[in-house]
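# Breakdown of the fold
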Amino acid sequence: MYDAIVVGGRCAGAATALLLARQGHRVLVVDRSSFPSDVISTHFLWPHGMSYLNRWGLLDQVTAVTPTHTVVDIVNDGIPLSGSVPVSLLREHFRDLHGDDSGVVQSYASVRRRVLDQILVEAAAKAGAEVRTHSTVRELIISDGRVVGVRGRASDGGEFEERARIVVGADGRNSFVARTLGLPRFDERPRCTFAYWSYWSGFDPGRGQIHRRGRLGCAVVPTNFGQNMVLVWGPSEWSREFRADVPGNVQRALDFVSPELGELVRTRGTREERIYGTLDQSGFLRQLHGPGWVLVGDAESAKDQCTAIGMTHAFRDAELASAALHRWLAGESSLDEAMAAYEGRRRSQNSAAYYDYVCTLSEMRPYRHDELQLFVALRGNQEETDRFIATHADIAPVSEFFQASNLFLLNDAAKESSAGYPVFEDFAATSRMYQQNLFA
Ligand SMILES: Cc1cc2nc3c(=O)[nH]c(=O)nc-3n(C[C@H](O)[C@H](O)[C@H](O)COP(=O)(O)OP(=O)(O)OC[C@H]3O[C@@H](n4cnc5c(N)ncnc54)[C@H](O)[C@@H]3O)c2cc1C
């Protein structure tokens, strides 16, 4: 009998298992994958994601093989902004969410999942969790309406059956645990982005760059093995036409969104792997917990990739859920109290506002004139630029940055200085051009 069985052993699952095992609890992790391996993800970690790794003593292993930076470039319709997430906001974020701000770092990185997930799963095993890879959970054992264990197939083909006081569903957006329990998706947002990416060597972009133009986006971030992850994304309505010629349209999108990046990739880049892609990224939420079970990571809340937040949120869930479960397992609270505490942190007003922010952004409508003016105004204001980046990354509350008084103030300044950016020259014509599918 285990204290916890964790289904899924990546960002959410391995981290939850690691934290529970370090508190002395008996934990089993089951994952159908074998490690090291990749998963569909462009694996960018914002500074709070890196901070979680630091809090858990794993950051050095990651940074030993992964380039890190603190300044990120964000270019919207030709309006460039550069900045970093302020340490003060990071500290506030951790104190609000976890009650302490230890381990905060300001750097970000793009860590291949074959690197990161291996580090996490090894750390869980080292902490004492039993890790069974290449093993698939195929059934939940339910007794008197309560989940009490799992049955599945092991790597050698044999069947296994294990029981635990709690089963943690950390099995991703198509969660077997959630589907078996019949949990509906709620607040589902079907409009999302398509995303295609691969790995190029041969050039140095310096640091991470995120570009938007019209309804398309692209990004380049240095990653492991001396390569750069290059990503393009756009509205799902355009995906059918995009798929007709993926390599050609990746280059076409880069040339349209950032001609400089397009040229760098075309003239200097060598693609080292095939192009990966995904179309199914609709956002949704699920019930967080019930009798004998709790969900963490994408299993509970999946979001579009457009703000690169899912892994960091999986870490957040792991820390919140394991802290709550520890209190219950240690006899300091009832399970109901522990789960209510977890739910209270997860279902805050800020988290609802950020979910809405991501889902709205993933519709990929072109920026409005006033939104672009706001970006122009930010150029003269480093403090607000940094706060904008922190807001985009779910470190500062969305409601604070986008509150009316802030926007009016910034827009007043922007009216003075918008001239000189081509996007404003014939805005109506540009807006019409942006609505046309580039790949049709
Ligand atoms: C295109 C794309 C780009 C993204 N880019 C970023 C990014 O840049 N930054 C970021 O932070 N996030 C990004 N994300 C989101 C991020 O990948 C996810 O949020 C993250 O992987 C969630 O982690 P998880 O541990 O909850 O689930 P997963 O990483 O999906 O892991 C779930 C695990 O459960 C296992 N499993 C499933 N079912 C079973 C079963 N029945 N038995 C045993 N094991 C099972 C699977 O094998 C898998 O290993 C991106 C997502 C997509 C689609």
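Computed from a predicted model, the values in this text were never measured in an experiment. (Residues numbered from 1 in each chain as written. Predicted model: local features only at pLDDT ≥ 70, side-chain atom pairs only at ≥ 80, totals over all residues. Heavy atoms only, no water.)

Moving on, we come to the overall build of the chain. For the chain, the helix and strand inventory stands at 17 helices and 22 strands. A compact globule built from 440 residues would reach a C-alpha radius of gyration of about 22 Å, and the chain, at 22 Å, matches this within 12%. Here the C-alpha coordinates of the chain stretch approximately 70 × 45 × 40 Å along the principal axes. Here the chain, with 440 residues, has 58% of them falling under the buried criterion. The long-range share in the chain, meaning contacts at least 24 apart out of those at least 6 apart in sequence, stands at 74%. When the accessible area of the chain is evaluated, it comes to approximately 17600 Å², of which 48% is carbon and sulfur surface. If the 47 positive side-chain charges of the chain are averaged to one point and the 54 negative ones to another, these points end up 4 Å apart. (Helix = DSSP H or I, 4+ residues; strand = E, 2+ residues; numbered from the N terminus. Rg over C-alpha atoms; globule rule 2.2 N^0.38 Å. Buried < 20%, exposed > 50% of the residue type's maximum accessible area, 1.4 Å probe, protein only. Contact = heavy atoms within 4.5 Å. Areas by Shrake-Rupley, 256 points an atom, 1.4 Å probe, with all protein chains shown as cover. Lys, Arg positive; Asp, Glu negative; His and termini not counted. Charge placed at Lys NZ, Arg CZ, Asp CG, Glu CD.)

One key point about sheets: their strands pair by backbone hydrogen bonds, in either a parallel or an antiparallel sense. Taken together, the 3 strands give an open sheet; going across it, the order is E3-E7-E4, and neighbouring strands pair in antiparallel fashion. Of all strands in the sheet, those bounded by a partner on one side alone are strand E3 (44-45) and strand E4 (68-69). (Pairing = 2+ DSSP bridges.)

Our next topic: the pattern of salt bridges. Within the structure shown, the criterion is met by 32 salt bridges. Among the ionic pairs, Arg 132 bridges to Glu 130, the shortest N-O distance being 3.0 Å. Glu 130 gets classed as partly exposed once you look at its relative accessible area, which sits at 31%. Within the structure, one salt-bridge network assembled from shared partners comprises Glu 300, Arg 316, Asp 317, Arg 346 and Arg 347. (Salt bridge = Lys/Arg side-chain N within 4 Å of Asp/Glu carboxyl O.)

For the rest of this paragraph, the subject is the sheet that holds strand E12 (residues 186-189). The antiparallel open sheet is built from 3 strands, whose spatial order is E12-E19-E22. Two strands in the sheet have a free side with no partner beyond their single neighbour: E12 and strand E22 (301-302). The sheet contact formed by E12 and strand E19 (residues 283-285) spans 2 bridges and is antiparallel. When the bridges of E19 are listed, Arg 189 appears paired with Gly 283.

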